[in-house]
Amino acid sequence: CMDTNLEEFVIPKGISPNGDGNNDFLDLTEYNVAVLKVYNRYGKVVYEKDFYKNEWYGQNNSGEPLPHGTYYYTARFIGVDGEKTQWIQLMREVK
């Protein structure tokens, strides 16, 4: 088991997938994520990925864009007990 505390993981609080190269994806590449699950405000899993790196840009499991708003996620990390739960803001430009 690694000497890592879940509190040490500093994860972005928002993404804005607009193709500008800035916060377009939830980047957890450096954290060795075993499982990432993203939930909508009703508690339904809308996105799930094993061995997550940097793939979520606000889409559901079918690849369709989710509406802007606040989502919650849980992340389990390789070699770390427990899971991290946090909110994340999905910001889309209103046209």
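Structure shown above.
Since the structure is predicted, the reported quantities are computational estimates derived from the model, not experimental observations.

Asker: Help me understand the overall build of the protein, please; the structure alone is not making it clear to me.
Answerer: A count of helices and strands for the protein gives zero helices and five strands. Tracing the protein from N to C terminus, the helices and strands come up as β-β-β-β-β. Within the protein, buried positions represent 37% of all 95 residues. The contacts in the protein between residues at least 6 apart in sequence include a share of 52% that link residues at least 24 apart. Carbon and sulfur atoms make up 49% of the accessible area of the protein, which amounts to about 6000 Å² in all.

Asker: Any chance you could explain the pairing of strand β3 (residues 45-50) here in plain terms?
Answerer: Every other side chain in a regular strand lies on the same face of the sheet, so the side chains alternate between the two faces. Bridge analysis of strand β2 (residues 33-39) against β3 gives five bridges, and the strand direction is antiparallel. The residue of β3 that forms the bridge with Val 35 is Asp 50. Between β2 and the antiparallel strand that follows it, β3, lie five residues; Gly 43 among them carries a positive phi value of about 85 degrees.

Asker: It is not clear to me how the packing of aromatic side chains should be interpreted in this structure. Could you clarify?
Answerer: Each pair of aromatic rings is reported with the distance of its centres and the angle of its planes. Scanning the model with the defined rule gives four aromatic pairs in all. Ring centres of Tyr 31 and Phe 77 lie 6.3 Å apart, and the angle between their planes is 70 degrees; on these two criteria the pair is classed as edge-to-face. Of the two residues, Tyr 31 is situated in the loop between β1 (14-15) and β2 and Phe 77 in strand β4 (residues 69-77); the sequence distance between them amounts to 46 residues. On the accessibility criterion, Phe 77 (4% relative accessible area) is buried. Seen from their ring centres, Trp 56 and Tyr 71 are 6.2 Å apart, and the 70 degrees between their planes marks the pair as edge-to-face. Of this pair, Trp 56 sits in the loop between β3 and β4 while Tyr 71 sits in strand β4; the two residues are 15 residues apart in sequence, bridging distant segments of the chain. Across the pair, Tyr 71 and Trp 56 agree in class, each one buried. Within the aromatic cluster, the residues linked to one another by ring pairs are Tyr 47, Trp 56 and Tyr 71.

Asker: What am I meant to see in the pattern of salt bridges here?
Answerer: Counting across every chain of the model gives two salt bridges. With its nearest N and O atoms 4.0 Å apart, the salt bridge here joins Lys 37 to Glu 48. Taken as a pair, Lys 37 in strand β2 and Glu 48 in strand β3 lie far apart in primary sequence, 11 residues in all. Note that Glu 83 is salt-bridged to Arg 76, the shortest N-O span being 3.4 Å. Residue classification places Glu 83 among the partly exposed positions, given a relative accessible area of 33%.

About the thresholds
- Residues numbered from 1 in each chain as written.
- Predicted model: local features only at pLDDT ≥ 70, side-chain atom pairs only at ≥ 80, totals over all residues.
- Heavy atoms only, no water.
- Helix = DSSP H or I, 4+ residues; strand = E, 2+ residues; numbered from the N terminus.
- Buried < 20%, exposed > 50% of the residue type's maximum accessible area, 1.4 Å probe, protein only.
- Contact = heavy atoms within 4.5 Å.
- Areas by Shrake-Rupley, 256 points an atom, 1.4 Å probe, with all protein chains shown as cover.
- Pairing = 2+ DSSP bridges.
- Phe/Tyr/Trp six-rings, centres within 6.5 Å; stacked < 30°, edge-to-face > 60°.
- Salt bridge = Lys/Arg side-chain N within 4 Å of Asp/Glu carboxyl O.

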